[in-house]
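As a plain string of letters, each chain reads:
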Amino acid sequence: MDLAVIPRNLHFLLGGLVLTLELAAISLLGGFLLGILMGLGRLSSRKWIYYPATLYINFFRSLPLILVIFWFYFMVPFIIGRPLGDFLSAIIAFIAFEAAYFAEIVRAGIQSIPQGQVMAGYSTGLGYYETMRNIVLPQALKNMVPPIVTQCVIIFQDTSLAYVIGLKEFLRRIYLVDSRELRSVELYLFAGFVYLVFCSIGTITSRRLEKRQIGR
Amino acid sequence: MIQIKNVSKWYGDFQVLRDVNEEVKQGQTVVVCGPSGSGKSTLLRCINGLEPFQHGEIIVDGVSVSDPATNLYRLRTEIGMVFQRFELYPHMTALQNITLAPMKVRKKSRREAADHAMKLLERVGIPEKAHEHPANLSGGQQQRVAIARSLAMEPKIMMFDEPTSALDPEMIKEVLDVMVDLSTGGMTMIVVTHEMGFAREVAEEIIFMDEGSIIERGTDISFFQNPKSPRTKDFLDKILM
Ligand SMILES: Nc1ncnc2c1ncn2[C@@H]1O[C@H](COP(=O)(O)OP(=O)(O)OP(=O)(O)O)[C@@H](O)[C@H]1O
Ligand SMILES: [Mg+2]
């Protein structure tokens, strides 16, 4: 064991971790916002909203993420005529992919709110948007918190797949350092430790929030 | 104020409303009763456009509900609705429940909406509960907040869908008192209820529905004393015991 390999390359590795966190945070935010729209679309009574949303969700949920990452990397430049760069194309792929999963979380969350709440809102003259924003979503979000945190942990882990298009995120940098220093055991143990710490934070947060909800 | 003409409604093949005709004049209180599944709630939801119907016409305050040009959101501000299970927003205080629609729909300031809400809470007898969440209120108190919430839009019509049937007996009176008050104050009301004491006291007309049709109607006295159909008689015997 030569753990000195880690401090020696710490700056480089932390740079990768920052990139990983950025990728995860942006994918999370974008995926969640798009997921709300898709989740609402999936509950729409209008066919021209319902079918595209449903198709979108089922489509991305039936593909492996790695394929989606490849697609956006190779096909988007083909369509728009110039390369997007690895970071941007990874972000788009993640947002598109994660939105399908968030959409299902949002749908389940909204469906957990009784129809009577919506009727109460409508009966006082509120429109669809105001009813969703003020009555349904605040209640639904509370129910959605645990699955959302779980999805955050998954996204954080998923970002490592961006290595396939050469993005130098955390795990990719571990690999690069290893190919130079030949310290696989130390490096991959360290990588595991970092993932463990971050994911545990997520899992513990999720438990806390769940408990707080039951106590309410 | 409300004219219901030849209204029929189907859920798929199942006919929920059969050729319903009814008129409610301004200031009147009409009580609707009938067995479970007879279409009472559906009729109320058709009146404020929460449910579409396939045949007939409903005119509220001169406006046809099924006319595609009708602004249903505007129409609903004229019709308050009170539900069996209260349907208060659990994440808001009583006051916030009441002020939401006036602020969002009528664009009232928070201050103005809150002042009005406090007056309404006084009217239903629970001003001290303004800052409580629904979970901390008894059923009767929740229903009174729900009534105040509907009144906050200053509707011309109030509809009640079995407002006391989820309440413990000792709380029924406090809610009925508020409703009697409204009725004698000149509000136009449609009340689905089996509280026949209430019906006797304030109803100008009582209608009895069965399997989607109105099969009996009468002023209070004629309705109770000599029901024409055996179904009505049966039903009255059961609920009056
Ligand atoms: N969305 C729906 N889809 C299909 N059938 C429905 C729907 N809503 C109500 N029904 C049916 O329509 C009939 C009338 O329902 P409604 O709720 O109007 O009855 P009700 O007179 O209010 O009864 P209750 O006293 O139980 O409240 C019932 O048989 C019910 O099962
Ligand atoms: Mg009903």
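**Q** What is the right way to read the sheet that holds strand β5 (residues 63–64) of chain B from this model?
**A** Remark on secondary structure: sheet strands pair via backbone hydrogen bonds, oriented parallel or antiparallel. Residues and elements named next belong to chain B. On the basis of which strands lie adjacent, the open sheet formed by 4 strands has the order β2-β1-β4-β5 and antiparallel pairing. Since the sheet does not close on itself, it has two edges, and those belong to β2 (14–24) and β5, each with one partner. Packing of helix α1 (residues 40–47) onto the sheet brings it into contact with β1 (2–11), β2 and β4 (55–60), and relative to β1 it is tilted by some 120°.

**Q** Got a minute to help me understand the site of ligand 1 in this structure?
**A** All names here are of chain B. Near ligand 1 you find Y11, F14, V16, P35, S36, G37, S38, G39, K40, S41, T42 and E162, and these make up its full shell. G39 is positioned such that a nitrogen or oxygen atom in its backbone is 3.0 Å from an oxygen atom of ligand 1. Between S41 and ligand 1, the recorded distance is 2.6 Å, taken from a side-chain N or O atom to an oxygen atom. Look at ligand 1: alone it shows 630 Å² of surface, and the protein chains cover 61% of it. Sorting the residues of the shell around ligand 1 by element identifies β2 and α1 as the ones contributing at least two each. At 3 residues, α1 tops the list of elements feeding residues into the shell around ligand 1. Across the shell around ligand 1, the residue classes break down as 4 nonpolar, 6 polar and 2 charged.

**Q** Would you take a moment to explain the state of the cysteines for this structure?
**A** Note: disulfide means a covalent bond formed between the sulfur atoms of two cysteine side chains. Residue and element names in this part refer to chain B. Scanning the model with the defined rule gives 0 disulfides over all chains in all. With no disulfide of its own, C33 lies 19 Å from the sulfur of C46, the closest cysteine sulfur. Overall, C33 belongs to the buried group, its relative accessible area being 0%.

**Q** Explain the pairing of strand β10 (residues 213–218) of chain B to me, please; I cannot follow it from the model alone.
**A** Every other side chain in a regular strand lies on the same face of the sheet, so the side chains alternate between the two faces. With 5 bridges joining them, strand β9 (residues 205–210) of chain B and β10 of chain B adopt antiparallel strand pairing. Considered in β10 of chain B, the bridge of D210 of chain B is made with S213 of chain B.

Basis of the calculations
- Residues numbered from 1 in each chain as written.
- Chains lettered and ligands numbered in written order.
- Predicted model: local features only at pLDDT ≥ 70, side-chain atom pairs only at ≥ 80, totals over all residues.
- Heavy atoms only, no water.
- Pairing = 2+ DSSP bridges.
- Helix = DSSP H or I, 4+ residues; strand = E, 2+ residues; numbered from the N terminus.
- Contact = heavy atoms within 4.5 Å.
- Axes fitted to C-alpha atoms, helices over the stretch in contact; angles between N-to-C directions.
- Near = heavy atom within 4 Å.
- Polar contact = N/O pair within 3.5 Å; in protein donor to acceptor, adjacent residues only side chain to side chain.
- Areas by Shrake-Rupley, 256 points an atom, 1.4 Å probe, with all protein chains shown as cover.
- Nonpolar A, V, L, I, M, F, W, Y, C, P; charged D, E, K, R; others polar.
- Disulfide = S-S within 2.5 Å.
- Buried < 20%, exposed > 50% of the residue type's maximum accessible area, 1.4 Å probe, protein only.

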